[in-house]
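Residue-level structure breakdown
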Amino acid sequence: MSAPAPANEDGSPEKPTQGGFKTMPFILANEICDRFATAGFNANLITYLTQQLHLPLVEASNLLTNFNGTAAFTPVLGAIVADSFAGRFWTIAAGGALYLLGMLGLVVSALAAALRPAPCAAAAPSTCQRASGGQLAMLYLPLLLTALGGGGIRPCVVAFGADQFGRRRGRRPGGDQKWSYFNLYFFSMGLAVLLALTVVVYIQENVGWGWGFGVPAIAMFLSVMSFVAGYSLYVKVKPEGSPFKRLLQVVVAAFRKRKEDVPEDAGSLYHNKELDAPIAADGRLLHTEQLRFLDRAAVLTPGDVADSGEPDLWRVSTVHRVEELKSIVRMLPLWAASITLIAAASHNFTFAIQQARTMDRHLTRGFQIPPATMIIFTPLTMLATLALYDRAFVPLARRYTGRRAGITYFQRMGAGFAVSVLGVMAGALVETRRRGVAARNGLLDDKPGAAAVPMSVFWLVPQYALHGMSDALSTVAHMEFLYDQSPESMRSSAAALFWVAGSLGNYLGTVLVTAVQSASGGVWLQDNINRGRLDYYYWLVTFLLVLNLVYYIVCFHCYTLKTFEVDGGDEAQRPRDGGGEQAGGERQADELPCHGQVGASGNGVATVCDVEKQMQ
């Protein structure tokens, strides 16, 4: 049976003029403006909370981390909407509109004096009045709108962009250019963050918070307009119903047949190519031996299929649908490694801003770098690393590995986790030195900003730079892993997993900071970090990241890659895992043996069919 002709979400056939790199200016402009807006108010929000709303440092940091956690969880809702009925285009457009409303609310909260407490008296800063519950509520509402808007944008933009490549002629979504697209995507996001950390933070510190929030709001308006303007150029993949419903059907069917024996011959399990065709344009997933208890869902029993041939999907599932669930379950342990990484690093930047506020920030006698602008070295390093990785490392590594992308995304992710350990370690060493300089100069009792510790703020650059290098390696690889190893009908949902890791990581980071605050009796993390022991906190985080790296390595060696078959009717030329050449001609499904071995699985090796080994 030939694969169905690619069609847009409205049922119309895809046109040859749709998709490709010509759509990138519209898609990336949307995400660049979104990321610019997010970074513009988020990077320095700790300053707004502590200096404008007069919240204590730990409370403000936890509030910010909890908001980031909520904002990172809403992509699950967006993914469900996109994959179930709305499609990615309309979910992104609606999300952008909600985000814009939230940004306008932030502008109002910054401009209206009644929505902020009175400024602190210069003579008596200790009598500062913190923001009331009503004033905080007027901040929370716009933040909630931005979180919901981001939930519509973030799980869909990456998958929507990858959909523009290689869908015609039966190719896998993403095609040969997929790995390069992910690098381009994150490079563009880094540029947006870089611009926000320079322009917007400067406006917030030197012009005012009204314009500081207003500029990102204008960027978000341009984001929505630019994305909608490219409507006719996009490949718009039709949603095929809720993937979560299919997963639930597999679980229910397996539970109902929990007493049934699974046949040794996988060919005896239920297959239905016609039923699976709309959700298996890549090819049907092949049976795997892991998680065999789920195979009971594909065991045929009397009453499972009506006389008309229509199956009761709450009683029986096809092998492809069972393998969809297995793919998601197998991904979870590796995905969870990023939760710990984000949890450990969730407060690092907010605390580093407070470090920078105490240090000598002068570039010239009359100009000081805003504390939040120091974060600029993270996206700068990320951009430089992505450029060097794509243009220098990949061609060099390709000569030795034969892979188009140089190394696998598993190796790239592991390298990023290792570099993150060095980043936090650098932070601990610099904080020990900074506190020592403060003690020698009698500044331990001076609150941040009251008197500068005679130590250049550029001592913080190594930790920022290492975090940027870690992001360039682990973040890009994590997103590509989720996209490549997820079932094709769940790619928006898989992208949502990327953001859910951020959500859970931020919430777990709040728990970590609260536990440290309680266990140390408030000594380690104080409003006056000169008296605190922030370096002890950094060393604790370093230890946790080392444990997480060991956990990731173990999970990697137990992971089995998904495999799938392709009908002989497909006219695809599938990329091989070798030097990037194409597999010549068509091949029948039963002529697609696994030809390579990558990594390790529970039973020795993880085998990958040559149509699937997209490890770059």
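Above this text sits the structure in question.
Attention in this report is confined to the structure presented alongside it. Please read all numbers here as calculations on a predicted model, not as lab measurements.

Focus on the overall build of the protein chain
- Within the protein chain, the regular secondary structure consists of 17 helices and 8 strands.
- Counting across all 616 residues of the protein chain, residues that qualify as buried make up 57%.
- Sequence-distant contacts in the protein chain: of pairs separated by 6 or more residues, those separated by 24 or more amount to 81%.
- For the protein chain, the computed accessible surface area is about 24100 Å², with 63% contributed by carbon and sulfur atoms.

Quick notes on the packing of aromatic side chains
- Inspection of the entire model under this criterion finds 20 aromatic pairs.
- Measuring from ring centre to ring centre gives 5.4 Å for W524 and Y536, while their planes differ by 70°; the resulting arrangement is edge-to-face. Taken together, the positions of W524 in the loop between α16 (491-519) and α17 (534-557) and Y536 in helix α17 put the pair 12 residues apart, joining distant regions of the chain.
- For Y536, a relative accessible area of 36% corresponds to the partly exposed category.
- Ring pairing ties together the aromatic residues F89, W90, F160, F227, Y231 and Y234, which thus form one cluster.
- The aromatic ring of Y536 is capped on one face by R533, whose charged end is 4.2 Å from the ring centroid.

Things to note about the pairing of strand β5 (residues 453-456)
- A one-sided burial pattern is seen for β5, the buried positions being V453 and M455 and the unburied ones P454 and S456.
- Sheet topology note: the strand β2 (residues 359-360)/β5 ladder contains 2 bridges and is parallel. In the sheet register, D360 faces β5, and the bridge partner there is S456.

A closer look at a nonpolar patch on the surface
- There is a patch of nonpolar side chains on the surface, built from L77, L98, L101, L104, L141, L144 and L148 and spanning about 600 Å² of accessible area.
- Looking at the nonpolar patch, the elements that each hand over two or more residues are α5 (88-111) and α6 (133-163).
- With respect to the helices and strands, L141 occurs in helix α6.
- Of the residues examined, L141 reaches a relative accessible area of 47% and is grouped as partly exposed.

Concerning the packing of helix α11 (residues 319-345) against α17
- Where α11 meets α17, the closest approach of the two axes is 9 Å, and the angle between their N-to-C directions is 170°. With respect to each other, α11 and α17 are oriented roughly antiparallel. Between α11, through P333, L334, A336, A337, T340, L341 and A344, and α17, the contact on the second element is made entirely by Y537, V541, L544, L545, N548, Y551, Y552, C555 and F556.
- Looking at the contact of α11 with α17 residue by residue, the classes come out as 14 nonpolar, 2 polar and no charged.

The rules behind each value
- Residues numbered from 1 in each chain as written.
- Predicted model: local features only at pLDDT ≥ 70, side-chain atom pairs only at ≥ 80, totals over all residues.
- Heavy atoms only, no water.
- Helix = DSSP H or I, 4+ residues; strand = E, 2+ residues; numbered from the N terminus.
- Buried < 20%, exposed > 50% of the residue type's maximum accessible area, 1.4 Å probe, protein only.
- Contact = heavy atoms within 4.5 Å.
- Areas by Shrake-Rupley, 256 points an atom, 1.4 Å probe, with all protein chains shown as cover.
- Phe/Tyr/Trp six-rings, centres within 6.5 Å; stacked < 30°, edge-to-face > 60°.
- Lys NZ or Arg CZ within 6 Å of the ring centre and 35° of its normal.
- Pairing = 2+ DSSP bridges.
- Patch = residues over 30% accessible without salt bridge, like charges linked within 9 Å, V, L, I, M, F, W, Y side chains within 5 Å.
- Salt bridge = Lys/Arg side-chain N within 4 Å of Asp/Glu carboxyl O.
- Axes fitted to C-alpha atoms, helices over the stretch in contact; angles between N-to-C directions.
- Parallel < 35°, antiparallel > 145°, perpendicular 65-115°, else oblique.
- Nonpolar A, V, L, I, M, F, W, Y, C, P; charged D, E, K, R; others polar.

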